Amino acid sequence: MGYSGLNLLKNAFSGHRNWPRVWRDPEPKKHYDVVIVGGGGHGLATAYYLARNHGIKNVAVLEKGWLGGGNTGRNTQVSRSNYFYPESGAFYEHSLRLFENLSQELNFNLMFSQRGILALCHSQHEMELARRWANAIHLNGIDSRMLSREEIKQRIPELNLDCRFPVWGGFVQERGGISRHDAVAWGYARAASGLGVDIIQRCEVTGMETSDSQVLSVETNRGTISADRFALCVAGHSSQLAAMAGLKLPIYSIPLQAMVTEPVRPIFNTVMLSARIHVYVSQSDRGEIIVGGGADTYASFAQRGSAQVHWDNYSAMVELLPIFGRLRMMRQWAGVCDMAPDVSPIVGKTSVENLFISTGWGTGGYKAIPAGGDTLADTIANDETHELLQPFGFDRFESGALIDEGAAAGVAH
Amino acid sequence: MLRIPCPYCGVRDQDEFRYGGEAPIIRPADPDKASDKEWADYLFYRENTKGAHLERWLHTYGCKQWFLIERDTLTHAITQVRLMDGVSGDG
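Residues numbered from 1 in each chain as written. Chains lettered and ligands numbered in written order. Predicted model: local features only at pLDDT ≥ 70, side-chain atom pairs only at ≥ 80, totals over all residues. Heavy atoms only, no water.

Caption draft 1: Broad picture of the nonpolar core. By size, the foremost hydrophobic cluster in this structure holds 49 residues, and its most contacted members are Ile36 and Tyr188 of chain A. Where this core is concerned, the elements lending two or more residues are β1 (31-37), α2 (41-54), β2 (59-62), α3 (86-100), α4 (102-106), α7 (181-194) and α10 (369-382) of chain A. The contact partners of Tyr188 of chain A, leaving out residues within four places of it in the chain, are Leu44, Ala45, Tyr48, Tyr49, Leu102, Leu106, Ile369 and Pro370 of chain A. Counting residues in each nonpolar core, the second largest holds 32 residues, with Val37, Val205 and Ala245 of chain A together with Phe44 of chain B among its members. (Core = buried A, V, L, I, M, F, W, Y, C linked by side-chain atoms within 4.5 Å. Buried < 20%, exposed > 50% of the residue type's maximum accessible area, 1.4 Å probe, protein only. Helix = DSSP H or I, 4+ residues; strand = E, 2+ residues; numbered from the N terminus. Contact = heavy atoms within 4.5 Å.)

Laid out in structure tokens, this is it:
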């Protein structure tokens, strides 16, 4: 059933008790054309674009928990394309453009709000680097603009400009913004399911049967499932899943945490970040102030961050925005990030013929969901690496053509 | 916050230490003859173990010595502490 004002009205007469379930809950079949492991944003988006753009509808998405229960539901829901290198700029701009029309396309309100992403600078040197960065973004054909101290004061009246390391200025990408992360997973799932994709939750892949150069089938707690092609979209657990197919990856996993305060009325209408004082802040559509910052440095699969990192993030936020100092923190959580050595993703083909991978999203995979899904689906369908993914293959670790976006997170991770 | 037992100074807060990544990472024996693939393996490819994980730590704000611990990456429990032995910790 499509979502519309008319349907809303119709269902109001029956007390909203008769809405149909949003996606089907099928039993897994024995064989599919494509099996995607991981029911987060990237897995679901890949399934959706396979069905919509390439007519490949005999597809299963296997999720060990619930949809979007991993990093898709654990991030700070920021979208932006203010990257330094042209390769990244082209890729993330494609993603942002898809985001701009995604609510309409999926017929699901993602609450995408392009409220601007504003980076603060706290010294003359940072201002110089920001100018270089903002110009590089311009050269990538993407909007960005330097802001003076006065302009920032006007945009964020509650900001303490004369904090420790006073604010000198900053730059903004006006088209950056936030959306509702759960809705992205649910919207893609609903649209993919509607096109015939089987979404199978509580289905954990525990092993793989392989021949010399191919994956034949995956073992799951709901039986053996074979397929012509397989894709791994499992974020922090990429190394473990790839190992089942005999692959070793240039990936290490670390926890990144975030937190939200109790909800308050709309007060903060942008996404603000400071690399120096090491925090980023926005307000969700539910009113919570979302706070993120640095990651833990050590390897972990525990989905929890440590107390000193939490403390650093929160004290940085209170220093910049004292007005939020007395808000109570409501939730704190962490996701397991799959970090590549150059902090850029690794997407596309692997040395196993019919196995594709989407990993290395690290601390910034959420914004890449539409483009990651679109380009991976294209690569799987045509068995040829999508143009935008050419620079993001495994070969760069041997050729040395790394895309070193270590600074692009805006805050150091 | 981890409480890390430095083999030289005793148990201290994690704040005093720097994490040095997984071990062992062995440098190619003959660097001039190592292929691009061998260099990539050495520099970038990692086991990334979920479970018992051997790793290097540096006691930055203490004795400034490198050493090895074995830590469970799921529970964070530290199960072993070792001195660098020139093999498993890359010297």
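Having seen it, we continue.
Caption draft 2: Up close: the pattern of salt bridges. Inspection of the entire model under this criterion finds 24 salt bridges over all chains. Among the salt bridges present, the one from Arg145 of chain A reaches Glu174 of chain A, with a minimum N-O distance of 3.6 Å. With Arg145 of chain A in strand β5 (residues 145-148) and Glu174 of chain A in the loop between β6 (169-173) and β7 (177-178), the pair connects residues that are 29 residues apart, well separated along the chain. For Lys37 of chain B, the salt bridge identified is with Asp41 of chain B, shortest N-O distance 3.2 Å. (Salt bridge = Lys/Arg side-chain N within 4 Å of Asp/Glu carboxyl O.)

Caption draft 3: Focus on the interface of chain B and chain A. Taken together, the contacts link 22 residues of chain B with 25 residues of chain A. It is Phe44, Tyr45 and Asn48 of chain B in chain B that bury the most area against chain A; as a group they hold 33% of the surface buried on that side. At the boundary of chain B with chain A, the tally comes to 1 salt bridge. Where chain B packs against chain A, one counts 11 residue pairs in polar contact (both at pLDDT 80 or more). Every element with two or more residues in the side of chain B that touches chain A is listed here: α1 (36-43) and β4 (52-58) of chain B. With 3 residues, α1 of chain B is the single largest residue contributor to the side of chain B that touches chain A. In the side of chain B that touches chain A, the residues fall into 8 nonpolar, 7 polar and 7 charged. (Buried area = accessible area lost by both parts, 1.4 Å probe. Polar contact = N/O pair within 3.5 Å; in protein donor to acceptor, adjacent residues only side chain to side chain. Nonpolar A, V, L, I, M, F, W, Y, C, P; charged D, E, K, R; others polar.)

Remember, this is a structural readout, not a statement about activity or role.
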